[in-house]
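Read off the chains here:
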Amino acid sequence: QVQLVESGGGLVQAGGSLRLSCAASGSIFSIRVMGWYRQAPGKQRDLVATITSGGSTNYVDSVKGRFTISRDSAKNTVLLQMSSLKPEDTAVYYCNVRITSGGMYFDYWGQGTQVTVSS
């Protein structure tokens, strides 16, 4: 079993910064991709950023230049540094980890953490 614990969500003013953290624990053999997704009320869950085991990163266009994803392999932790936050960033943020094993992959999700950006 793999468990993901998220932290760092909260209320912040527009233009401010916030850092989300997601720590993976349990039967971890090989983490291929770690990422963050978000879902605003009445909208679908969208990808925000991902980082591969090789360190390659991808971001949704709306957060490029403002958000930075990073990871600490030794601690099986992925971070999302969010700067210049906008009210449009308000959503529940979910951590995702993709683990490979024997040529197969498995996805695990965090519980979600609320990020609210006030104007």
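I will try to describe carefully the structure that is included in this document. Please read these numbers as outputs of a predicted model, since none were measured by experiment. Each chain carries its own residue numbering, running from 1 in the direction its sequence is written. Residues qualify for local features only when their pLDDT is at least 70, as the model is predicted, and side-chain atom pairs are given and counted only at 80 or more; totals for whole chains, interfaces and linings, by contrast, use all residues. Just so you know, side-chain values use all the structure's heavy atoms and leave hydrogens and water out.

**Notes on the environment of Leu-85**
- Helix numbering and strand numbering both begin at the N terminus, where a helix is a DSSP run of H or I of at least 4 residues and a strand a DSSP run of E of at least 2. Along the chain, the position of Leu-85 falls in the loop between β8 (77–82) and β9 (91–101).
- A relative accessible area of 2% places Leu-85 in the buried class.
- Along the sequence, Leu-85 and Ser-17 sit 68 residues apart, while their C-alpha atoms lie 6.2 Å from each other. In this scheme, a residue with accessible area under 20% of its type's maximum is buried, one over 50% is exposed, and one in between is partly exposed, where area comes from a 1.4 Å probe on protein chains only.

**Focus: the state of the cysteines**
- A pair of sulfur atoms, both from cysteines and within 2.5 Å, is called a disulfide here. As enumerated under the stated definition, the model contains 1 disulfide in all.
- Between Cys-22 and Cys-95 runs a disulfide, and the two sulfur atoms are separated by 2.1 Å. Its S-S torsion of about -85 degrees marks the bond between Cys-22 and Cys-95 as left-handed, since a negative value means left-handed. In this pair, Cys-22 is assigned in strand β3 (residues 18–26) and Cys-95 in strand β9, connecting sequence segments 73 residues apart. One exposure class covers both Cys-22 and Cys-95, and it is buried.

**Re the packing of aromatic side chains**
- Centres within 6.5 Å make a pair out of two Phe, Tyr or Trp rings, where for Trp the six-membered ring is used; the pair is then stacked when the planes are under 30 degrees apart, edge-to-face when over 60, and tilted otherwise. With the rule as written, the count across this model stands at 1 aromatic pair.
- The criterion for a charge sitting over a ring is simple: Lys NZ or Arg CZ within 6 Å of the ring centre, and within 35 degrees of the ring normal. In this structure, Arg-45 packs its charged tip against the face of Tyr-94, placed 3.6 Å from the ring centre.
- Its end group placed over the ring of Trp-109, Arg-45 keeps NZ or CZ at 4.9 Å from the ring centre.

**Here we look at the pairing of strand β11 (residues 113–118)**
- Where burial is concerned, the two faces of β11 differ: the one with Thr-113, Val-115 and Val-117 is buried and the one with Gln-114, Thr-116 and Ser-118 is not.
- Whether two strands pair depends on DSSP finding at least two bridges between them. Across 4 bridges, the pairing between strand β2 (residues 10–13) and β11 is parallel. Counted as the bridge partner of Leu-11 is Thr-116 from β11.
- Two strands pair when backbone bridges link them, and β9 and β11 are joined in this way by 3 bridges, in the antiparallel orientation. When the bridges of β11 are listed, Val-92 appears paired with Gln-114.

**A look at the pairing of strand β4 (residues 31–39)**
- Within β4, 7 of the 9 residues are buried, which leaves the element mostly enclosed by the surrounding structure.
- Inspection of the sheet shows β4 paired to β9 by 8 bridges, in the antiparallel sense. What sits directly across from Ile-31, in β9, is Ile-99.
- Where β4 meets strand β5 (residues 46–52), 6 bridges bridge the pair, whose relative direction is antiparallel. If you follow Tyr-37 over to β5, its bridge partner there is Leu-47.
- Between the end of β4 and the start of β5, which pair antiparallel, lie 6 residues, with Gly-42 showing a positive phi angle near 75 degrees.

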